[in-house]
Amino acid sequence: MNFKLTDEQKMLQKVVRDFAKKEVEPTAAERDEEERFDRAIFDKMAELGLTGIPWPEEYGGIGADYVSYVIAIEELSRVCASTGVTLSAHLSLASWPIFKYGSEEQKQTFLTQLATGEKLGAYALSEPGAGSDVSSMRTTAKLDGDHYVLNGSKVWITNGGVADVYVVFAKTDQDAKHKGITAFVVEKGTEGFTFGKKEKKLGIRSSPTTELIFENCKVPVANRLGEEGEGFKIAMTTLDGGRNGIAAQALGIAQGALDAAVDYAKEREQFGKPIAQNQGISFKLADMATEIEASRLLTYQAAWLESEGLPYGKASAMSKLFAGDTAMRVTVEAVQVFGGYGYTKDYPVERYMRDAKITQIYEGTNEIQRLVIGRMLTKE
Ligand code: CAA
Ligand code: FAD
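Computed from a prediction, not measured in an experiment: that's the story for all the values here.

Draft legend 1. Focus on unusual backbone geometry. The backbone of Asn159 shows a phi angle near 70 degrees, a positive value even though the residue is not glycine. With respect to the secondary-structure elements, Asn159 resides in the loop between strand E3 (147–158) and strand E4 (165–171). Positive phi, normally seen in glycine, also occurs at Glu363, with a value near 55 degrees. Turning to its location among the elements, Glu363 is positioned in the loop between helix H9 (349–358) and helix H10 (366–379).

This is the structure:
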């Protein structure tokens, strides 16, 4: 067993850490307050090659492994969870299914545009009546000559409105439940494809979450991803890896909150000594650090399994479950360490606490992760 990062992984970690500190952290609170997405940050990530971390160089990527990918999401989320999820959704939800299931032509076009950061990606699975229960989706896609006609709506779409390329799931056979779902690549600007409500949220407020509306939207047959009826498998296998990206986001949020809490506990004095010298505070910090380390091991392990071509679905559900719950507990405790100051916007820990909550909800709620893990255990 080897727990050491490679030289390449360490170099990427340093590049992203420096970038996050210099270019992302300074505006994180302000973007959160104003609910403002900043495309310039995404463009700068593209310049660093982060928009194509795991894809081969022939498709515009930098050919790194999935451990490098989770390290990047962790480092970004350590200062700004919204920026973390922008990149996570772009890479693991929009680009991955094109890399895995796209035709050579689709990869040359869409994957390359996404990997170089010329275009931003999104993944549209959820609907008003179909969140956890994916196969009850109602958006339809009817074949008509050389195109499909899409009708329906998608909700909660991360990067919605600002993304250029959307991986969209719709039913080509309404009666066939999960076997009737098909995946498509739909470009922004396609006639009949518009954006609805933008959500006002508790956390990750500078990551736009938007409704997508399809009204007789014509999508070329050439934009179908995989075969008709393969959509559920494409959606699920995409989430198998995507969930580890959210684990990395949760890990980064928790680490950022712990860093702030340790610094504060060393500086803040009450009863004539730093509060860190009270066992009540230092035990809290010790528990937080231990849970974070366990989250990191699970997250890096799931990424390593994917890089090695080994099964990683269960490991990824476990990392998301554990890291998400850890982020929630750790950020609540970080606010506690700060006392009243932690409850204000003068310090970042209240933002970390608001941001942590989403990691227990999206890419499958943590109840769904338990369901996935439980089903896999009984199948094994
Ligand atoms: N890989 C391959 N095949 C899979 C699979 C996987 N991971 N999971 C299920 N399947 C297969 C099953 O083997 C089964 O195959 P057969 O047809 O041969 O029987 C078929 O798919 C149906 O599987 P289930 O019976 O398990 O399906 P289900 O309807 O009970 O649903 C579920 C399973 C796990 C609950 C699924 O619906 C699910 O993951 N729900 C949560 C949705 C979710 O995570 N949404 C995230 C949206 S994206 C997001 O949120 C973005 C963001 O954060 C930024
Ligand atoms: P429901 O499915 O209605 O669940 C409600 C509650 O019931 C939850 O606690 C759930 O755990 C529980 N529950 C449901 N079924 C079961 C069960 N069988 N056993 C035990 N408990 C159960 N979706 C996308 O497609 N693309 C995106 O980019 C995207 N980004 C998102 C960004 C944000 C900020 C948010 C809030 C959501 C996003 N989502 C996205 C949607 C997200 O994946 C769903 O919200 C999530 O899967 C839960 O679905 P739901 O909200 O409909 O809750």
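Draft legend 2. Geometry of the site of ligand 1. Taken together, 24 residues sit near ligand 1, with Ser132, His178, Arg243, Glu363 and Arg375 positioned nearest. The side chain of Arg243 places a nitrogen or oxygen atom 2.8 Å from an oxygen atom of ligand 1. In the model, an oxygen atom of ligand 1 is placed 2.6 Å from a nitrogen or oxygen of the Arg375 side chain. Protein chains shield 71% of the accessible area of ligand 1, which is 1100 Å² for the free molecule. Judged by the proximity of its atoms to the pocket grid, ligand 1 belongs to the largest pocket. Elements supplying a minimum of two residues to the shell around ligand 1: helix H4 (81–101), helix H6 (231–267) and H10. In terms of residue count, the dominant contributor to the shell around ligand 1 is H6 (six residues). The class makeup of the residues in the shell around ligand 1 is 10 nonpolar, eight polar and six charged.

Draft legend 3. Molecular detail of the site of ligand 2. Neighbouring residues of ligand 2: 19 residues in total, closest Ser126, Ser132, Trp156, Thr365 and Glu367. Within the contact set of ligand 2, a nitrogen atom lies 2.8 Å away from a backbone nitrogen or oxygen of Tyr123. Thr158 has a polar side-chain atom sitting 2.8 Å from a nitrogen atom of ligand 2. Relative to its unbound accessible area of 970 Å², ligand 2 is 65% covered by the protein chains. If you map ligand 2 onto the pockets, it falls in the largest pocket. Among the secondary structure elements, those contributing two or more residues to the shell around ligand 2 are strand E1 (121–124), E3 and H10.

Draft legend 4. Region of the structure containing the layout of surface pockets. As a volume, the largest pocket reaches approximately 1300 Å³. The wall of the largest pocket is formed by 43 residues, among which Gly131, Leu239, Arg243, Glu363 and Gly364 lie closest to the centre. Taken together, the residues of the lining of the largest pocket sort by class into 22 nonpolar, 10 polar and 11 charged. What the second largest pocket holds in volume is close to 480 Å³. As for the second largest pocket, its lining consists of 15 residues, and the residues nearest its centre are Asn2, Phe3, Tyr300, Gln301 and Trp304. Considering every element that reaches the lining of the second largest pocket, the biggest residue donor is helix H7 (residues 279–307), with six residues.

Cut-offs used in this document
- Residues numbered from 1 in each chain as written.
- Chains lettered and ligands numbered in written order.
- Predicted model: local features only at pLDDT ≥ 70, side-chain atom pairs only at ≥ 80, totals over all residues.
- Heavy atoms only, no water.
- Helix = DSSP H or I, 4+ residues; strand = E, 2+ residues; numbered from the N terminus.
- Near = heavy atom within 4 Å.
- Polar contact = N/O pair within 3.5 Å; in protein donor to acceptor, adjacent residues only side chain to side chain.
- Areas by Shrake-Rupley, 256 points an atom, 1.4 Å probe, with all protein chains shown as cover.
- 1 Å grid on protein atoms, 1.4 Å probe; cavity = no way out; pocket = protein on both sides within 12 Å on 5 of 7 lines; lining within 4 Å.
- Sits in = over half its atoms within 2 Å of the grid points.
- Nonpolar A, V, L, I, M, F, W, Y, C, P; charged D, E, K, R; others polar.
- Points joined across faces, edges and corners; volume = space filled by probe spheres on them.

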